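Close look at the chain arrangement
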Number of protein chains: 2
Amino acid sequence: MIKRRNILTVIALLLAVFITTNVFGSSGEAAEGHDFAKTFLWIAIILIAAKLSSLVEKYGQPAVLGELVIGVILGNLVLLGFHGLEPIKADAIIAFLAELGVVILLFQIGLESNMKEMSKVGFKAGIVAVLGVIVPFVLGTWVVGPWLLPGLTFNAYLFLGATLTATSVGITARVFKDLNKLKTKEAQIVLGAAVIDDVLGLIILAVVSAIVTAGSVSAGTIGLIFGKAVLFLVGSIVVGQLTAPGISRIFAKINAGVGMKFTLAICFGLLFAYFASVIGLAPIVGAFAAGLVLDAVHFKYFKDPKIVADIKKHFKEHHAEENGVSEILHKHSERHVEEIVEPIGLFLVPIFFVMTGFAVDLTTLFNLKVLLVALGITIVAILGKLVVGLVAGKVNKWVVGWGMVPRGEVGLIFATIGKGLGVVDDSVFSVIVIVVILTTLIPPVVLNLLLRKETKEQHL
Amino acid sequence: MIKRRNILTVIALLLAVFITTNVFGSSGEAAEGHDFAKTFLWIAIILIAAKLSSLVEKYGQPAVLGELVIGVILGNLVLLGFHGLEPIKADAIIAFLAELGVVILLFQIGLESNMKEMSKVGFKAGIVAVLGVIVPFVLGTWVVGPWLLPGLTFNAYLFLGATLTATSVGITARVFKDLNKLKTKEAQIVLGAAVIDDVLGLIILAVVSAIVTAGSVSAGTIGLIFGKAVLFLVGSIVVGQLTAPGISRIFAKINAGVGMKFTLAICFGLLFAYFASVIGLAPIVGAFAAGLVLDAVHFKYFKDPKIVADIKKHFKEHHAEENGVSEILHKHSERHVEEIVEPIGLFLVPIFFVMTGFAVDLTTLFNLKVLLVALGITIVAILGKLVVGLVAGKVNKWVVGWGMVPRGEVGLIFATIGKGLGVVDDSVFSVIVIVVILTTLIPPVVLNLLLRKETKEQHL
């Protein structure tokens, strides 16, 4: 039970941090490295806020929802006249750490996923992805765009349609992870579909951009983009599978400690993320592929010497037989990659979700006309993804459908490019921002309900 | 044994990474978030290089030496006509991660240190620090400066003297850590002295800057700076000790998992680093104080539920008695703060040391006259710290003396400020850079020899 006194203390602490920020912020005594030190403060505030928000777990919600909501609150304190946290929005280092956070998250999720299980649902994931791209694109471009936003150019509708296609898998993946549902068939389908979805989104973005700038696009260009993306995904998985054991063996000879194991794993993830971005894919797709490739067996050359020594010493001192207890000891003697990477995730992943909430500008919701249009398009955006659940086969169709709903930052990237090309005007941009806000904040709540209901039914 | 074949494979791998960097770097196809992705690549290269360099451990050297040397090599590849890694030097995010890395390192070292042990050597550490500041300052300003660099203003000598005072504790601390010597009396004295040294350095920098700009400095200003620094150090330790248990208790009620424990610890370190920098101290001093304050007992409310469940299940199934084995299990059931923070250190600390090496510009060594002057001043810089070993009492005086030798980035900060004030000209700056290089690279080698010799003698 959480006592009221404790909640009050926490609020007082939070207030104290805010006051300190404000006082020190205005003192302006810039020491050497002061800018970096300020970023230390931002990280601490973001992480503490994220952990306070995990209170939502006590009310049955996934932690990620708390992080998003606390982010929205912190990012909009300016509406209450508090400007102390505004510099966070312009802090490029925080933005980087957030990006690194979602890369680490997808890497972790790749590590927890299994290539065999993934390939079993490969075909279904493909259908889910293709349909989940086509339906919102058609609805956005030819139906809801002209209907709710009359008088714009066809190119504007094209961009709106394109914006509605791209699933942001980070939020769904976090919900599955929070609720310990990553191993379910639904999770595998959504994760697989999200990877394919990203490739399709890349193609659509290229095609739409080419139509807007050059008036047309050649089949060769589309083929080239598609070919590069497929080559990267297939190539990275094949090359990764073939080289990982050898690389692991060589590096283990230099040093078989936990540090080497950690470094190899994390660098694998970072390099794949980089290569994905070179091809034009989202870095998270590369990180996910890297996690999928890495397998416990690749690290068989690594054992934590500290714990192994502890165990050996004990058995020697007590002349003990190797019995059931030793099994547990052995299990813990080898620190799994997942376990070593976990603290990096604890450090960086909340930064991504709090900053996703932080980027939500609540003032966009204040314009009633824009809000109503956005609500209409949001409904279409949700329906356009929910229908894909119908083709997902013998699984919980609602979970797959809602799992594909979040648009997040991918939609915003599309909208920003459209704005840069002069196709997306300010009001359409605001509409897209609201659609992204709603498709970001609603799915965690709905997925939580669906998944918990499912668990309950299984237990009956 | 490392086979030649394996070494060749590693070299081939390194070459492959370089070629890839170059090819992809020149393709210039900037996707969304490409800059961040490039930083992912830099991190991967730095970490892999750092781990390859841990080969030096096979030859009895501390890992930090390998990281520094590989950094020097990577940072000077431009001399061989390879420019692919030059962007790393201008990457503000890498610079931040390096700074965060040394903050985490000093936080870890604070965690491993014990307040009681530290206060036992407090008086000796104070004498070591004061003498270690006065001797190099006097030698630099009145003896070696006018002698080796004749014709400069008195203010230039003042700055040279000031530059020679400040110990960079990061390198020494890493050597002690690498060789598992953090608990020794010598390590405690050096760490304590480094903190006091930083306060004294802060005062000297303020005084020298005031003399250069205003011609004089008031006793009140000095008193104020000194008072603020002492107040921070004493205050943070007292406040930290008093509030940590309460904060820990409250947050454990929200969530008693490993994530909360980790977040609390890391935020404690980051906040102290920030507050130190607000006062004008180095962030690492704050991080060290934070680590010193935090104690295992503050986290008694946290237990890793996964491992605890494992253990309970086992004992239930086997109806086993709690015997000697259970002690080990219990020991591992509570993941210590040190252990959870370790992967963050594995991730970030090598970035600091590789980047410290990276910043070494070998071309400064090519000017024979500058080099000779720098060698002379380096000898004085080393002697000025070695004499403090004489007052360190019944310990290995050489270890304490050499432990205080590294100047690292603190000296460079002084030199940069002097350059900004127009007191330090280009040749003096080059001299200081070389002094920093030599006082950075020599101590790990010497300390390694001294500490290993000591260990051997104890075993005889």
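Here is what the cut-offs are and how they apply
Residues numbered from 1 in each chain as written. Chains lettered and ligands numbered in written order. Predicted model: local features only at pLDDT ≥ 70, side-chain atom pairs only at ≥ 80, totals over all residues. Helix = DSSP H or I, 4+ residues; strand = E, 2+ residues; numbered from the N terminus. Buried ≥ 20, exposed ≤ 12 C-beta atoms within 10 Å, placed from the backbone. Contact = placed C-beta atoms within 7 Å. Axes fitted to C-alpha atoms, helices over the stretch in contact; angles between N-to-C directions. Parallel < 35°, antiparallel > 145°, perpendicular 65-115°, else oblique. Left-handed = near helix turned anticlockwise from the far one by under 90°. Expected span 1.5 Å × (residues − 1). Nonpolar A, V, L, I, M, F, W, Y, C, P; charged D, E, K, R; others polar. pLDDT = per-residue confidence, 0-100.

Re the overall build of chain A
When its secondary structure is counted, chain A shows 20 helices and 0 strands. When burial is assessed residue by residue, chain A has 51% of its 460 residues classed as buried. The long-range fraction of contacts in chain A, counting pairs at least 24 apart against all pairs at least 6 apart in sequence, stands at 81%.

Some remarks on the packing of helix 9 (residues 169-178) of chain A against helix 10 (residues 185-214) of chain A
Residues and elements named next belong to chain A. Look at helix 9 against helix 10: their axes get within 11 Å of each other, and the N-to-C directions meet at 160°. Between helix 9 and helix 10, the angle is such that the two are roughly antiparallel. Handedness of the crossing formed by helix 9 with helix 10: left-handed. Where helix 9 abuts helix 10, its residues Val 169, Thr 172, Ala 173 and Phe 176 lie against Ala 187, Val 190, Leu 191 and Ala 194.

A closer look at helix 17 (residues 368-386) of chain B
The end-to-end C-alpha separation of helix 17 of chain B is 26 Å, in line with the 27 Å expected for 19 residues at 1.5 Å each. Inspection of helix 17 of chain B places Val 373, Ala 374, Ile 377, Thr 378, Val 380, Ala 381, Ile 382, Gly 384 and Lys 385 of chain B among the buried residues, and these make up the whole buried set.

Looking at helix 10 (residues 185-214) of chain B
Counted at 1.5 Å a residue, the expected span for helix 10 of chain B with its 30 residues is 44 Å, and the 43 Å between its end C-alpha atoms agrees. Within two residues after helix 10 of chain B, Gly 215 of chain B carries a phi angle of roughly 90°, on the positive side.

A word on the environment of Thr 378 of chain B
Residue and element names in this part refer to chain B. Inspection of the secondary structure puts Thr 378 in helix 17. Overall, the presence of 21 C-beta atoms within 10 Å leaves Thr 378 in the buried class. With 61 residues separating them in the primary sequence, Thr 378 and Thr 439 have C-alpha atoms 7.0 Å apart. What Thr 378 contacts, discounting residues up to four positions off in sequence, is Val 435, Leu 438 and Thr 439.

Quick look at unusual backbone geometry
Residues and elements named next belong to chain A. Phi is positive for Asn 180, close to 60°, though the residue is something other than glycine. Of note, Asn 180 is situated in the loop between helix 9 and helix 10. For Asn 180, a count of 10 C-beta atoms within 10 Å translates into the label exposed.

Things to note about the packing of helix 7 (residues 122-148) of chain A against helix 17 (residues 368-386) of chain A
All names here are of chain A. Remark: helix 7 packs on helix 17, axes separated minimally by 9 Å, with the N-to-C direction vectors making an angle of 155°. Between helix 7 and helix 17, the crossing angle belongs to the class labelled roughly antiparallel. Here helix 7 runs over helix 17; the crossing is right-handed. Facing helix 7, whose interface residues are Gly 132, Val 135, Pro 136, Leu 139, Gly 140, Val 144 and Leu 148, helix 17 presents Val 373, Gly 376, Ile 377, Val 380, Ala 381, Gly 384 and Lys 385. Class assignment of the residues belonging to the contact of helix 7 with helix 17 gives a composition of 9 nonpolar, 4 polar and 1 charged.

A short note on the environment of Ala 37 of chain A
Counting through the fold element by element, Ala 37 of chain A comes out in helix 2 (residues 34-53). Exposure remark for Ala 37 of chain A: the 24 C-beta atoms within 10 Å place this residue in the buried category. Not counting residues within four places of it along the chain, the set of residues in contact with Ala 37 of chain A comprises Ala 273, Tyr 274, Ser 277 and Pro 283 of chain B.

What about the environment of Leu 264 of chain A?
Checked against the element boundaries, Leu 264 of chain A lands in helix 12 (residues 258-279). Discounting chain neighbours no more than four positions away, the residues touching Leu 264 of chain A are Ile 247, Ser 248 and Phe 251 of chain A.

Focus on the confidence of the model for chain A
Regions with low pLDDT carry predicted coordinates that are not meant to be interpreted in detail. Residues and elements named next belong to chain A. With 83% of its residues at a pLDDT of 70 or more, chain A shows a mean pLDDT of 81. Contacts from residues 16-34, a stretch scored under 50 in pLDDT, to residues over four places away or in other chains number 15 contacts. Here the predicted complex scores 0.82 on pTM and 0.81 on ipTM.

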